[in-house]
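# Commentary on secondary and tertiary structure
Single-letter residue listing:
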There are 2 protein chains.
Amino acid sequence: MDKIQPSILPGFMELLPEEQVLFDRIKNLISTTYQKYGYWPIDTPQIEKDEILFAKGGGETTKQIYHIAKGEGDSNQSLRFDLTVPLARYVAQHASELAFPFRRSHIGKVYRGERNQKGRYREFYQADIDVIGMNTLSVLNDAEVPAVIYEIFEKIGVPGVHLHINHRGLLNGFFASIGVEEPEEALHAIDKLDKIGSEKVRTLLAEAGLRANQIDQVLAFIGVDDPTPAMERVEQIAQTMGDGPGAVLFRAGWEDLQAVYRAMIGFGIPEEAIVLDLKITRGLDYYTGMVYETFIDGYESIGSVASGGRYEDLASNFSKLKMPGVGMSIGLTRLFYQLRAADLIRPEKGTFLEALVIPMGSDEVPVAIETLRQLRTCGIVAQMDAEPGKMKKKFSYADQLGVRFALIIGEAERNAGTVGVKDMKSGEQSPLPLAEAISLMAGVLGKDWK
Amino acid sequence: MDKIQPSILPGFMELLPEEQVLFDRIKNLISTTYQKYGYWPIDTPQIEKDEILFAKGGGETTKQIYHIAKGEGDSNQSLRFDLTVPLARYVAQHASELAFPFRRSHIGKVYRGERNQKGRYREFYQADIDVIGMNTLSVLNDAEVPAVIYEIFEKIGVPGVHLHINHRGLLNGFFASIGVEEPEEALHAIDKLDKIGSEKVRTLLAEAGLRANQIDQVLAFIGVDDPTPAMERVEQIAQTMGDGPGAVLFRAGWEDLQAVYRAMIGFGIPEEAIVLDLKITRGLDYYTGMVYETFIDGYESIGSVASGGRYEDLASNFSKLKMPGVGMSIGLTRLFYQLRAADLIRPEKGTFLEALVIPMGSDEVPVAIETLRQLRTCGIVAQMDAEPGKMKKKFSYADQLGVRFALIIGEAERNAGTVGVKDMKSGEQSPLPLAEAISLMAGVLGKDWK
């Protein structure tokens, strides 16, 4: 029979077991941290009705969508492209059954038919937290959300993580104060500063209709080539600004941002890890208050590894209820790819399977099974090698599996009531009663099993 | 603006947060048990090439498939309908990078456009374990796999779980020994015994071409109306059977099954939880040795809650390598639905969020944040209520959230360096220094935080 070439579609991530264990370790770490902070886990269908997914209208996303064609053709259902639309649908649909503010976490796969390129995936995990209020939502939530994200990166062990924060009200107020009433295009321009440089931003701002003196004011505000800390610069501007409607908006945003900044520190983020970054804006049709991006020192080219912000009305397409919220999202699949590529994380042998039990013959199988049971009871992850084969093959299997210990049970050991404990790292082997063997292994493996 | 009715597609499961926490508890329990036994977790794309999914040819599944239509129409890719085809593709594709026997676990969503009915889902989790050998695979694996499954049901706390086991070689040998050389139709018939009764099975067996005396022998073999334990009955048959090729097959299967049975007990399954059930056959074009189903006493109508068996050549469509294997699968979504419907599991208030911290005014916010931090450090899952509102509203929120404790911080508490600890169950409230409050709460909540 002709064989079909086993392969997966381009743009999908599939990991070998050791890499998968590492990926899952990070995924679990995110999940347990979200839950430690009291964000309820939810899990929604990966397929949603098109009318839900496109309630906001089409745009770029529709081109990237994975439509479902069931039986007779188009069925008006598609794979979700993010976890935010499903969240909006969820809180609108179940509003009467939820307690607000509603704090939820969601880790799941989403789908986008992006152009195929390195580090971009068409199926990827997002790991989101959001707090959704009913009518109001305290800005303290805007401080806690990035604190959760920061704790996660700390636990993963990534050094030099900085949270870049900004405030849409502050930006809008500033632009209004210098006479730019429709700042969308200008905001898009400044968001690109790091990518294209200040000269090109000048050109874009001019194209957006800003006069030369306005452009100067914008670049001075952002702090291009200005060593003054942004917090000081904004404080000076707030004090010298007049009393127009722009100034009111600016000062309200500034107050909001300062309260969030103080509370972020209260929640445990080191002061030096928070950067007021006046050029970040995020999605313009969505965020209305705080916005966040997360960068790793020396790896800024990766881009933001966790982003989000405050929005005023999450479910306006689905409900008359006004539900403001704040949230952040980690693009887990891309993050994993980037952290691996930068060698900031790596799989370690022996972190999954720890021991291989090798009965030499069928007479030793009952002892081997009992040995396995006791190892597992003591929290040592173990399996048996019951296949036919020579010792060399069995030790090579133990090596491939990355176990630290091989436990050999032959006739001599069975008669003596011992197991032959081989430390695969040192190569040392000694016969020990099982209880002593477990005690030794537990010590080396760092198990707290008593 | 007109609102779009928020809803999900029929046949999809979506849970409220409390139910989700219960679902996740069971999902995590399965995952950690699989891993405790050394089954490496894998995670494959949910979309596969059609040539992979349908390598075996079409059949019933093709009608139920969720095709992907990207952009210009049919794109020859679909959502997976099980985790076994992806496993076959995975081991064939990565054979040179895996250590065999390869033990893998996989918990993921699969898609089948089934007829819409209660308790049947179109998107559902499967939770699989399999051991894949290269050329050979010891039958000890056939004993360990059901032991893992049994431990999971024990941990979930479902009483009266029985593993029904059988052996395809035993069945084929028996049918050959009574002169039925092509037993497929007859096997299909006996598999239906519990559903349709023995009279209808007689009719089906006659339709399958069996003579009256053969039908009698089949029903006697299965043990319809026979109180003799199946193990004894088969042993008697094995001894009295002649020496034809059917008998050889029968005795080989019987030996195999007995070895598995003994090892299952060795691996910790209570003898009384194992039932030799000679009528179960499972998928005929797939399993070749042991087959398993799992039933709950008093809830037999649910059907098997975990099934599987031994197969001789997993990846024959994708590879020239011969890879025998054995595995079992839990249909988690359906299982959850059934266990909930039977009230065998239920969500308990307070098992997720444990404490709500309530600052009375903005002056108390810094103390509230510090309180939250300390609670979280001690493993108490807590959140703050920082919204405006009266105490009544806040206590009602605490009730909705199901927390056991509300911690009130007003001016008096702030000045005295205490928190007002309210036990939401007893209604008692007393001011305590934070350290004492945590000690009290940890005791009540059963935390081991020292």
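Another aspect to go through is the nonpolar core. Grouped together as the largest cluster of nonpolar side chains are 107 residues, with contacts concentrated most on F175 and I330 of chain B. By residue number, the principal contributor to this core is helix α5 (residues 140–156) of chain B, which donates 10 residues. The residues touching F175 of chain B, leaving out its near neighbours within four places in the chain, are V180, P183, A186, L187, I190, L210 and V218 of chain B. Counting 106 residues, the second largest nonpolar core, distinct from the first, contains L29, Y39 and I330 of chain A together with L434 of chain B.

The next point concerns the relation of the copies chain A and chain B. Each copy of the sequence occupies a distinct position, and chain A is placed on chain B by a rotation of 180° and an axial shift of 0.0 Å, giving an RMSD of 0.0 Å. Taken together, the turn and the small shift mark the pair as related by a two-fold rotation axis. When C-alpha positions in chain A are compared against the rotation axis, the closest is assigned to I68 of chain A, at 2.4 Å. When the interface residues of chain A are mapped onto chain B, 100% of them again lie at the interface, so the same face is used by both copies.

Residues and elements named next belong to chain A. Across the sheet, which stays open at both edges, the eight strands sit in the order β1-β5-β6-β11-β10-β9-β7-β8 with mixed pairing between neighbours. Each having just a single partner strand, β1 (40–41) and β8 (274–276) make up the two edges of the open sheet. Where strand β5 (residues 102–111) lies against strand β6 (residues 123–132), 10 bridges are found, and the strand directions are antiparallel. Looking at the pairing, R104 lines up with D130 of β6. Each of β7 (161–167), β8 and β9 (290–296) is contacted by helix α12 (residues 245–266), which is oriented at about 155° to β7, the strand it contacts most. Packed onto the sheet, helix α13 (residues 332–341) meets β6, β9 and β11 (325–331) and runs at close to 45° relative to β11.

Moving on: the interface of chain A and chain B. With 96 residues of chain A in contact, the opposing surface of chain B contributes 96 residues. Our count for the chain A to chain B interface comes out at six salt bridges. Between E14 of chain B and R89 of chain A there is a salt bridge, with its nearest N and O atoms 2.7 Å apart. Here chain A and chain B share 41 residue pairs in polar contact (both at pLDDT 80 or more) between them. Residue contributions to the side of chain A that touches chain B peak at seven residues, all from helix α1 (residues 17–36) of chain A. Of the residues that constitute the side of chain A that touches chain B, the class distribution is 52 nonpolar, 22 polar and 22 charged. Across three bridges, strand β3 (residues 67–69) of chain A lies against strand β3 (residues 67–69) of chain B in antiparallel orientation. Paired with H67 of chain A across the strands is A69 of chain B, a residue of β3 of chain B.

We now examine the environment of L339 of chain A. Residues and elements named next belong to chain A. Among the secondary structure elements, L339 is positioned in helix α13. When its relative accessible area of 1% is taken as the criterion, L339 is described as buried. Between the C-alpha atoms of L339 and V158, which are 181 residues apart in sequence, the distance is 8.5 Å. Other than its neighbours up to four places away in sequence, L339 contacts I156, V158, I296, L344 and I345.

About the cut-offs
Residues numbered from 1 in each chain as written. Chains lettered and ligands numbered in written order. Predicted model: local features only at pLDDT ≥ 70, side-chain atom pairs only at ≥ 80, totals over all residues. Heavy atoms only, no water. Core = buried A, V, L, I, M, F, W, Y, C linked by side-chain atoms within 4.5 Å. Buried < 20%, exposed > 50% of the residue type's maximum accessible area, 1.4 Å probe, protein only. Helix = DSSP H or I, 4+ residues; strand = E, 2+ residues; numbered from the N terminus. Contact = heavy atoms within 4.5 Å. Least-squares fit on C-alpha atoms with pLDDT ≥ 70 in both. Pairing = 2+ DSSP bridges. Axes fitted to C-alpha atoms, helices over the stretch in contact; angles between N-to-C directions. Salt bridge = Lys/Arg side-chain N within 4 Å of Asp/Glu carboxyl O. Polar contact = N/O pair within 3.5 Å; in protein donor to acceptor, adjacent residues only side chain to side chain. Nonpolar A, V, L, I, M, F, W, Y, C, P; charged D, E, K, R; others polar.

Function-wise, these values are silent; they only describe arrangement.
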